[in-house]
Amino acid sequence: MRLRLLKKNVAALLIISVILFVLFYSKFVITNERVVGENVPREGTQAVAINTFQYGTFLNMRKSVYDSNYRQFVQNGDKFPDEPEVVIVVQVHNRPAYLKMLIQSLEKAAEIHKFFVVFSHDYFSEEISDLVKGITFCKVLQIQFPYSKQLYPNEFPGQDPQDCPRDISKENAKKRGCINAEYPDTYGHYREASITQTKHHWWWKLHFVFERVKVLQGYKDFAVFIEEDNYILPDFYQFFKSMTNHRKSHCEDCDLLALGNHDGVSRFVERSAKTETSGWMSTKHNIGMGISRDVYYKLMGCNSEFCTYDDYNWDWTLQNLSGTCIQKPLKVLVACGTRVLHTGDCGLHQKDTCHPDLALQKVETDLREVTSALFPQTLTLTGHGPVEHKPHMKNGGWGDVRDHTLCINYAARL
């Protein structure tokens, strides 16, 4: 009898001990999780975003690109919680000195806290990323082009060692058995990754901004597309607002805005408040280009045509669509006095003539000349150019079916 009672007491003691252990352990774990949770930044905080991108290997960078595009950390989002009134999308390659000038111009712009600036990168470096992370004056998002040749240096969409050399004949390419022997461009040349990337990036970026950027899902106004070697004038916000209102009252059928032109500050004082309309032309209206969601959908109706047209330039390709695939040629409302300056003195075809210091001096001189004519009270419509299809000789460089397929699939592969 005593033995049975002893066994029961031992069993009860064991059960109570297990229960106490479980309770103690659970409390310990919960307490530690709470402490860890308090010390680790929440999803979307600055600390998480800063530590996201890893530059060590191509694989690390690819993973970081995917993660960054998925998370979409909005820098300064807590500081500027209101909905954006101006959206600027910057295509960035690898010219940090010019990017720095652009950022300086943004900082000097009136009402900059109402801007949302999206930087779209196809080259990844800590120097470039740090320039953007240093912005404190408005909301910022960095998106990453996931098919950069930097991420795929020895395979498509980069330059595969088995790709055909640019200038080999098709006959010799077939004999050699190189990958893309069957697909030279209109002029008999084979693809170069450094040439094809810009058009790829531009089309991907257009998709991503209008379809995937969460912050912009309810945004209905124009997004202004510029590049890293552009410089905006201090009255950009006020002029953008005036121009969009001016369009509603004077040119409702204008598809696009051109807040910049290639005339620089020539005759700026007399032209500051003037606008005009015309058909969209790549050589005139590809700087400070305002695109609405409605026009984006028009362009997406020509996804295949854009992606298979044998011209490595996105703007010449767009001009070809205007009046062909897009039946009614694209009409643009143009700022006669540019609000976007072009600082770049080097680029895709000029690699060794970069002088950002001289470019900055010129910009500073230009700003002194135009200051008195900034912030016009009202805009006027002074000219109406023809709105018609302008055919041109395609430039080639876009004959490879791999480029066509990748480009067409961006809408599905974002």
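For the structure itself, consult the block above.
Residues numbered from 1 in each chain as written. Predicted model: local features only at pLDDT ≥ 70, side-chain atom pairs only at ≥ 80, totals over all residues. Heavy atoms only, no water.

Draft legend 1. Focus on the pattern of salt bridges. Going through the model one piece at a time under the given rule, you end up with 21 salt bridges. For Asp-366, the salt bridge is made with Lys-362, and the minimal N-O distance between the two is 3.1 Å. With Asp-366 and Lys-362 both in helix 13 (residues 356-370) and 4 residues apart, this pair spans about one turn of that helix. Linked through salt bridges whose partners overlap, the residues forming this network are Arg-95, Glu-228 and Asp-229. (Salt bridge = Lys/Arg side-chain N within 4 Å of Asp/Glu carboxyl O. Helix = DSSP H or I, 4+ residues; strand = E, 2+ residues; numbered from the N terminus.)

Draft legend 2. Structural view of the packing of aromatic side chains. A full pass over the atoms with the stated rule returns 18 aromatic pairs. Here Trp-203 and Phe-306 contribute two aromatic rings whose centre-to-centre distance is 3.7 Å and whose plane-to-plane angle is 10 degrees, an arrangement assigned as stacked. With Trp-203 in helix 7 (residues 193-211) and Phe-306 in helix 11 (residues 303-308), this pair connects stretches of sequence that are 103 residues apart. Residue classification places Phe-306 among the buried residues on the basis of a relative accessible area of 0%. Connected via pairs of aromatic rings, a cluster forms that spans Trp-202, Trp-203, Phe-210, Phe-225, Trp-280, Tyr-296, Tyr-297, Phe-306 and Trp-314. Sitting above the plane of the Phe-306 ring, Lys-199 keeps its charged end 5.1 Å from the centroid. Positioned above the aromatic ring of Trp-398, the side-chain terminus of Lys-199 is 4.4 Å from the ring centre. (Phe/Tyr/Trp six-rings, centres within 6.5 Å; stacked < 30°, edge-to-face > 60°. Buried < 20%, exposed > 50% of the residue type's maximum accessible area, 1.4 Å probe, protein only. Lys NZ or Arg CZ within 6 Å of the ring centre and 35° of its normal.)

Draft legend 3. Here's a closer look at the state of the cysteines. Tallying each qualifying case throughout the model produces 4 disulfides. Note that Cys-251 is cross-linked by a disulfide to Cys-254, the S-S spacing being 1.8 Å. Given an S-S torsion of about 75 degrees, the disulfide between Cys-251 and Cys-254 has right-handed geometry. With its sulfur 2.0 Å from that of its partner, Cys-302 forms a disulfide with Cys-325. Since a negative S-S torsion denotes a left-handed disulfide, the Cys-302-Cys-325 link at about -100 degrees is left-handed. Here Cys-302 is found in the loop between helix 10 (293-300) and helix 11, whereas its partner Cys-325 is found in the loop between helix 12 (314-321) and strand 10 (331-335), with 23 residues between them in sequence. A relative accessible area of 25% places Cys-325 in the partly exposed class. (Disulfide = S-S within 2.5 Å.)

Draft legend 4. Expanded view of the pairing of strand 8 (residues 274-279). When strand 8 meets strand 12 (residues 380-384), the two strands line up parallel, connected through 4 bridges. Its bridge partner being in strand 12, Thr-277 is matched across the sheet by His-384. (Pairing = 2+ DSSP bridges.)

Draft legend 5. The nonpolar core, seen in detail. Counting 81 residues, the largest nonpolar core has Ile-88, Phe-115, Phe-119, Trp-203, Leu-206 and Phe-236 as its most contacted members. It is helix 7 that contributes the most residues to this core, 7 residues altogether. Not counting residues within four places of it along the chain, the set of residues in contact with Ile-88 comprises Leu-106, Phe-115, Phe-116, Val-117, Val-118, Val-224, Ile-226, Ile-232 and Phe-236. Of all hydrophobic cores here, the second largest spans 13 residues; its members include Leu-341, Ala-359, Leu-367 and Leu-374. (Core = buried A, V, L, I, M, F, W, Y, C linked by side-chain atoms within 4.5 Å. Contact = heavy atoms within 4.5 Å.)

None of the figures reported here should be taken as evidence of function without further support.
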